[in-house]
Amino acid sequence: MELTIIGCSGSFPGPESPASCYLLSAEHEGRTWRIILDLGNGALGKLQQHMALEDLDAVCLTHLHPDHFMDLCGLHVAIRWRPGGWPGKHVPVYGPTGTDERIASAYGLETDPGMHPDFDFRDWRSRTPETVGPFTITPVPVRHPIEEAYALRVEVAEGAGGEVRTLTYSGDTDACEGLIEASRGADVLLCEAAFEDGRDDHLEGVHLNGRRAGLTGAEAGVGRMLLTHIPVWTSQRTLLDKAREVYDGELAVAVAGVTYQVEPAPPRRTVADA
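What this report covers is the structure whose coordinates are included nearby. All figures in this text were calculated on a predicted structure; none of them were measured in a lab. (Residues numbered from 1 in each chain as written. Predicted model: local features only at pLDDT ≥ 70, side-chain atom pairs only at ≥ 80, totals over all residues. Heavy atoms only, no water.)

Quick notes on the side chain of Thr62
Note the following rule: Helix and strand labels come from DSSP, where a helix needs a run of H or I of at least four residues and a strand needs a run of E of at least two; each type is numbered from the N terminus. Burial classes: relative accessible area under 20% of the type maximum marks a residue as buried, over 50% as exposed, and values in between as partly exposed (1.4 Å probe, protein chains only). Counting of polar contacts relies on pairs of N or O atoms within 3.5 Å, with two restrictions inside protein: one atom must be capable of donating a hydrogen and the other of accepting it, and residues adjacent in sequence are counted only when both atoms are side-chain atoms. Working rule for contacts: check all heavy atoms of both residues, and any pair within 4.5 Å makes them a contact.
One can find Thr62 in the loop between strand E4 (58–60) and helix H2 (66–69). Residue class for Thr62 comes out buried when judged on its relative accessible area of 0%. A polar side-chain atom of Thr62 sits 2.9 Å from a polar atom in the side chain of His63. Each residue touching Thr62, except ones within four places of it in the same chain, is listed here: Asp38, His68, Pro96, Glu148, Ala149, Tyr150, Leu152, Tyr169 and Gly171.

Structure follows, in structure tokens:
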């Protein structure tokens, strides 16, 4: 499984990155399968540098804030108005309840039919896995000020032995048991860290900071962490320093345009083991 960072800027596009969008690719049944986790504003253009839109197998949305789903409007235009018709599949869109109505309203469409001719909308069910080709995606509720917000645990069985590789994407969340559950033993935790330690410590229930992200990785025993969803006004250095105080695994900041291999991680000690 490969992870390509399409967009990782927190809360709105930055000068070097669109908002949240992450491309996962894996080989299965003789072809490459591709899904995206979130499709925030500004991401659709950059996505086309890495794949043809008609090759997209599914869109998986963590929650319905614009920096995580608004470029679904642009994908709708690409599908609806492509000369000669859309050559791809009827694209599944997994998301919170009411995703179809919210995106229709954003574009100024009546909800019937809205964007149903272009997308196959499917509501997440908490902790119920969905399968897209080689990907098994499990949504787990997390802590963010919106009706539904999920972390996504993505598993792929690869190789002759069927070894499972796991990536967890936090979506937007503050520290919570749901994020620990979704991250437990993951090879890679793609973890938001939007709040700066020492500056935003009074803010609760919205985002993680560096230390809380690091504590999550340590308690969940993840093999590698990539910090993401960092706004332009937040110090990446501060986040890394604070996370490293409590997490001793591989740690870096996600960089737009970079592709990472989701490799099997050696077992790690959890807080409970210490």
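Considering helix H7 (residues 236–244)
Convention followed: Directions from the helix axis toward the C-beta atoms define the arc.
When H7 is considered as a whole, its buried residues turn out to be Leu239, Leu240 and Ala243. In a view along the axis of H7, the buried residues occupy a sector of 95 degrees, so they form one face of it. The inward-facing, buried residues of H7 abut helix H6 (210–220), strand E12 (224–228) and strand E13 (250–253).

A word on the state of the cysteines
Put simply, the rule is: Note on terminology: disulfide denotes any pair of cysteine sulfur atoms within 2.5 Å.
On inspection of all chains with the given rule, the structure shows 0 disulfides. With no disulfide of its own, Cys176 has Cys191 as its nearest cysteine by sulfur position, at a separation of 10.0 Å.

Overview of the nonpolar core
Here is the rule we go by: Put simply, a nonpolar core is a bunch of buried Ala, Val, Leu, Ile, Met, Phe, Trp, Tyr and Cys residues held in one set by side-chain atoms that sit within 4.5 Å of each other.
Grouped together as the largest cluster of nonpolar side chains are 52 residues, with contacts concentrated most on Val59, Leu72, Leu75, Phe119, Met225 and Leu227. For Leu227, the contacting residues outside a window of four places in its chain are Cys191, Ala193, Ala213, Leu239, Leu240, Ala243, Leu251, Ala252, Val253 and Ala254. Membership of the second largest hydrophobic core comes to 29 residues, among which are Tyr22, Ala58, Ile137 and Leu190.

Thoughts on the pairing of strand E9 (residues 150–158)
Across a regular strand the side chains alternate sides, sitting on one face of the sheet and then on the other. Condition: The rule for pairing is simple: two strands pair if DSSP sees at least two bridges between them.
Counted residue by residue, E9 has 7 buried out of 9 residues, so it is predominantly covered. Looking at chain direction, strand E8 (residues 135–141) and E9 are connected through 7 bridges and run antiparallel. Bridging across to E9, Pro141 finds its partner in Tyr150. Note that E9 and strand E10 (residues 163–169) share 7 bridges and pair antiparallel.

Observations regarding the pairing of E8
With respect to burial, E8 is a largely interior element, 5 of its 7 residues being buried. The pairing of strand E7 (residues 130–132) with E8 spans 3 bridges and is classified as antiparallel. Residue pairing across strands places Val132 opposite Phe135, the latter belonging to E8. Taking the residues between adjacent antiparallel strands as the criterion, E7 and E8 are bridged by 2 residues, where Gly133 takes a positive phi near 55 degrees.

Details of the sheet that holds strand E5 (residues 91–95)
This is how the line gets drawn: For every element, the axis is a line fit to its C-alpha atoms; helices are fit only across the contacting stretch, and the angle between N-to-C directions ranges from 0 to 180 degrees.
If you walk across this open sheet you meet the 7 strands as E6-E5-E4-E3-E2-E1-E14, and the pairing is mixed. Two strands bound the open sheet, and with one partner strand each, they are strand E6 (119–123) and strand E14 (259–261). The mean inter-strand angle of the sheet, taken between neighbouring strand axes irrespective of direction, is 25 degrees. Note: strand E1 (residues 2–7) against E14, 3 bridges, orientation antiparallel. Residue pairing in the sheet places Glu2 in a bridge with Gln261 of E14. In this fold helix H3 (residues 72–81) packs onto E4, E5 and E6, with an angle of close to 145 degrees to the strand it touches most, E6.

Notes on the sheet that holds E9
On the basis of which strands lie adjacent, the open sheet formed by 7 strands has the order E7-E8-E9-E10-E11-E12-E13 and mixed pairing. At either end of the open sheet lies a strand with only one pairing partner, and these are E7 and E13. Direction aside, neighbouring strands of the sheet carry axes that sit 20 degrees apart on average. The strands touched by H7 are E12 and E13; relative to E13, the strand with the most contacts, the crossing angle is about 165 degrees.

Structural notes on the environment of Cys73
Within the element layout of this structure, Cys73 appears in helix H3. In this structure Cys73 comes out as buried when scored by relative accessible area, which is 11%. Along the sequence, Cys73 and Glu29 sit 44 residues apart, while their C-alpha atoms lie 31 Å from each other. When near neighbours in sequence (up to four residues on either side) are disregarded, Cys73 contacts Ile103, Ala106, Tyr107 and Met115.

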